[in-house]
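Take a look at the letters that make up each chain.
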There are 2 protein chains.
Amino acid sequence: MVGLKERRIQHKEQFRAEILAAARELFSQEGYSQFSMRKLAARIEHSPTTIYLYFRDKDDLLFYICEELYAAFLKAVVEIRQAEPDPGEALRLILHQYIRFGVSHPEQYKTVFFTSPVVYGSPDSFMTKDTIALRSYRAFLDLISECIQCGVLQKNDCNMLAMVFWSAMHGLVTSIIFTRDFPMPDITLMADTLIDGLLKGHAA
Amino acid sequence: MVGLKERRIQHKEQFRAEILAAARELFSQEGYSQFSMRKLAARIEHSPTTIYLYFRDKDDLLFYICEELYAAFLKAVVEIRQAEPDPGEALRLILHQYIRFGVSHPEQYKTVFFTSPVVYGSPDSFMTKDTIALRSYRAFLDLISECIQCGVLQKNDCNMLAMVFWSAMHGLVTSIIFTRDFPMPDITLMADTLIDGLLKGHAA
DNA sequence: TCCCACCATTAACACCGTTAACTGTAATTA
DNA sequence: TAATTACAGTTAACGGTGTTAATGGTGGGA
């Protein structure tokens, strides 16, 4: 019987994926604050402890949910960058994409940034562990650096500038997703205003 | 015995204030995620349920902690506005103040914005209920409006512009307080970069 | 003196994340 | 084939959470 062990492993990974899928679903429906291991267990019709055979703990599970999100975002970033040769315009499009992305996945977004310290570990481990989230940030950093070099943005410490740009986007996303069902100004208008203002303010 | 009832009320309010003070202290020490009614009860050496005689629930208690914070911020805003006649410069100073304020009260800041929906109620109730938080926002809105009228900022919907400016500040504060103990770029430098860029980008 | 209002308490409910100990089953080895 | 081992999945439990209902005690007013 060649590959019996492998079939076991395969089955295990499949079940793991099922749990993850159920978690993602439950998560999107109930929101971060209402998500619990016990509810997830009920949904997959297993005891709560079963989940712990496939994920170290709740944070570990959430981590993989978040990585899925980042993978999709990184894909979009790469596509934009390939289609748009002008770095300034690419930056503008990517910033827009970031906001659109955050706003359309509010629960995952909250999880990544607002679960007290833990999902992506300490900041130190974030910068060393190879995650898709980190790769996304690096791609963004490179683009900022490129924009400075080719004269689209004025000379500045590119780490600092990346942080500032990202923070501003992050702020808009955050304020939007935390004030859902509120008569807010039009989202794309705000995104335009923020991004264009920022780019103009930092133009070379 | 004139004022016996009043003395009772006074005593009650004093105890309430003591609970609030203990809560504030516990809160700053343990952080939002570690704060609990039971720990607070232990600290004031009463049973957990006693707190419910003075506060409707946990959110109600946190609400008053947050309001304290906003009161201090609003005071600073008013002072800046009175000392600085130029609205553009006043705006710049107030934006800086906002960041400084948020960064130096991270746990309260988190509470205000990131406790799932509740501390300040639904967005709708936020806009109707007279809170210090709302008054602060109104003061900020007025200043933006003034800046547009006197030509410091380019013409735009002032509600929208206020939201964008605030979101950007909010984002920087948030990214800083959620990445504590991280080798971040200098905070005031980032604040300068963000604020100056934004003001320049939206200058008339 | 009796009663009532009120403060504070204990006990309990319904959750939560997580660990330890146990059960049954299927594969491997003697 | 029989014994053993590996392992998935379970139940029970621990220690924690916010909150409510019922209860005890105490002091002021009638």
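Quick caveat: nothing in here was measured; it's all calculated off a predicted structure.

Draft legend 1. Focus on the protein's contact with DNA strand C. Around DNA strand C, the surrounding shell holds 19 residues, and the nearest of these are Arg38, Thr49 and Tyr52 of chain A together with Thr50 and Tyr54 of chain B. Interatomic distance of 2.2 Å between a side-chain N/O atom of arginine 38 of chain A and a base nitrogen of DNA strand C. One of the side-chain nitrogen or oxygen atoms of lysine 12 of chain B is found 3.4 Å away from a phosphate oxygen of DNA strand C. Contributions of two or more residues to the surface near DNA strand C are made by helix H2 (37–43) of chain A together with helix H1 (4–30) of chain B.

Draft legend 2. Structural context of the protein's contact with DNA strand D. Every one of the 18 residues lining DNA strand D counts as a neighbour, but Thr49, Thr50 and Tyr54 of chain A together with Arg38 and Thr49 of chain B are closest to it. The share of sugar and phosphate among atoms of DNA strand D within 4 Å of the protein is 50%. Side-chain polar atom of serine 36 of chain B to a phosphate oxygen of DNA strand D: 2.9 Å apart, as the coordinates give it. At 2.8 Å from a phosphate oxygen of DNA strand D is found a side-chain nitrogen or oxygen belonging to tyrosine 52 of chain B. Elements supplying a minimum of two residues to the surface near DNA strand D: helix H1 (4–30) and helix H3 (48–51) of chain A together with helix H2 (37–43) of chain B.

Draft legend 3. Seen up close, the packing of aromatic side chains. Counted by the stated rule, this structure contains 22 aromatic pairs over all chains. Considering the side-chain rings of tyrosine 109 of chain B and phenylalanine 113 of chain B, the 4.7 Å spacing of their centres and the 45° angle between planes classify their relative orientation as tilted. Linking tyrosine 109 of chain B with phenylalanine 113 of chain B, this pair stays in helix H5 (residues 106–114), spanning 4 residues, or about one helical turn. Exposure remark for phenylalanine 113 of chain B: the relative accessible area of 18% places this residue in the buried category. Taken together, Phe73, Tyr98, Phe101, Tyr109, Phe113 and Trp166 of chain A form an aromatic cluster joined through their ring pairs. We note lysine 12 of chain A situated over the ring of tyrosine 54 of chain A; from NZ or CZ to the ring centre the distance is 5.2 Å.

Draft legend 4. Molecular detail of the domain arrangement of chain A. Residue and element names in this part refer to chain A. Each assigned domain of chain A is listed here: domain 1 (1–55) and domain 2 (58–201). A combined buried area of about 1300 Å² lies between domain 1 and domain 2, and 70% of that area is made up of carbon and sulfur atoms. For the pair domain 1 and domain 2, the number of links is 1 salt bridge. Linking glutamate 68 and arginine 24 is a salt bridge whose minimum nitrogen-to-oxygen distance equals 2.5 Å. For the pair domain 1 and domain 2, the interface holds 2 residue pairs in polar contact (both at pLDDT 80 or more). Of all the elements in the fold, those that place two or more residues in the side of domain 1 that touches domain 2 are H1 and H2. For the side of domain 1 that touches domain 2, the element with the most residues is H1, which contributes 6 residues.

Draft legend 5. Quick look at the pattern of salt bridges. All names here are of chain B. Inspection of every chain in the model, using the stated rule, returns 18 salt bridges over all chains. Residues arginine 43 and glutamate 25 are paired through a salt bridge, measuring 3.5 Å at the closest nitrogen-oxygen approach. Of the two residues, arginine 43 is situated in helix H2 and glutamate 25 in helix H1; the sequence distance between them amounts to 18 residues. Its relative accessible area of 33% is what places arginine 43 among the partly exposed residues.

Draft legend 6. Representation of helix H4 (residues 87–104) of chain B. When the terminal C-alpha atoms of H4 of chain B are compared, their 25 Å separation across 18 residues agrees well with the 26 Å that a helix rising 1.5 Å per residue should span. H4 of chain B sits mainly inside the fold: 13 of its 18 residues count as buried.

Draft legend 7. Representation of the relation of the copies chain A and chain B in the model. Between chain A and chain B, the superposition needs a rotation of 180° and an axial shift of 0.0 Å, giving an RMSD of 0.1 Å. The superposition operator between the copies reduces to a two-fold rotation axis. Interface overlap between copies: 100% of the residues of chain A at the interface are likewise at the interface in chain B, consistent with a symmetric, same-surface contact.

Draft legend 8. Local environment of the interface of chain A and chain B. Contacts between the two partners involve 38 residues from chain A and, on the opposite side, 38 residues from chain B. When chain A packs against chain B, close to 2900 Å² is buried across both sides, 77% of that on carbon and sulfur atoms. There are 0 salt bridges connecting chain A and chain B. At the surface where chain A touches chain B, the tally comes to 4 residue pairs in polar contact (both at pLDDT 80 or more). Every element with two or more residues in the side of chain A that touches chain B is listed here: helix H6 (106–114), helix H7 (123–128), helix H9 (158–177) and helix H10 (187–201) of chain A. Considering every element that reaches the side of chain A that touches chain B, the biggest residue donor is H9 of chain A, with 12 residues. Classifying every residue of the side of chain A that touches chain B gives 20 nonpolar, 14 polar and 4 charged.

Each value, and the rule that gives it
Note on numbering: residues in each chain are counted from 1, in written sequence order. Here the convention is simple: chains get letters from A, ligands get numbers from 1, in the order in which they are written. The model is predicted, so local features are restricted to residues of pLDDT at least 70 and side-chain atom pairs to those at 80 or more, both for listing and for counting; the totals for chains, interfaces and linings are taken over all residues. Side-chain measures here rest on the full set of heavy atoms in the structure, leaving out hydrogens and waters. Note on terminology: near, applied to a residue and a molecule or strand, indicates that one of the residue's heavy atoms is within 4 Å of it. Pairs of N or O atoms are called polar contacts if they sit within 3.5 Å, as long as, within protein, a hydrogen donor faces a hydrogen acceptor (for residues adjacent in sequence, only side-chain-to-side-chain pairs). Numbering goes from the N terminus for both helices and strands, where a helix is a DSSP run of H or I of at least four residues and a strand is a run of E of at least two. The aromatic pairing rule takes the rings of Phe, Tyr and Trp, using the six-membered ring of Trp, and pairs them if the centres are within 6.5 Å, calling planes under 30 degrees apart stacked, those over 60 edge-to-face and the rest tilted. Each residue is assigned to one of three classes by its accessible area relative to the maximum for its type, calculated with a 1.4 Å probe on protein chains only: buried under 20%, partly exposed between the two thresholds, exposed over 50%. A ring is scored as having a charge over it whenever the NZ atom of a lysine or the CZ atom of an arginine sits within 6 Å of its centre and within 35 degrees of its normal. An automatic or database domain assignment is the source of the domain bounds shown. Values labelled buried area give the accessible surface lost by two parts on being combined, using a 1.4 Å probe and summing over both. One side-chain nitrogen of Lys or Arg within 4 Å of one carboxyl oxygen of Asp or Glu is enough to make a salt bridge. To estimate how far a helix should extend, the number of its residues minus one is multiplied by 1.5 Å. Copies overlap after least-squares fitting; the atoms used are the C-alpha atoms of residues with pLDDT of at least 70 in both. Any two residues whose heavy atoms approach within 4.5 Å are treated as being in contact. Ten residue types, Ala, Val, Leu, Ile, Met, Phe, Trp, Tyr, Cys and Pro, are classed as nonpolar, four, Asp, Glu, Lys and Arg, as charged, and the remainder, Gly among them, as polar.

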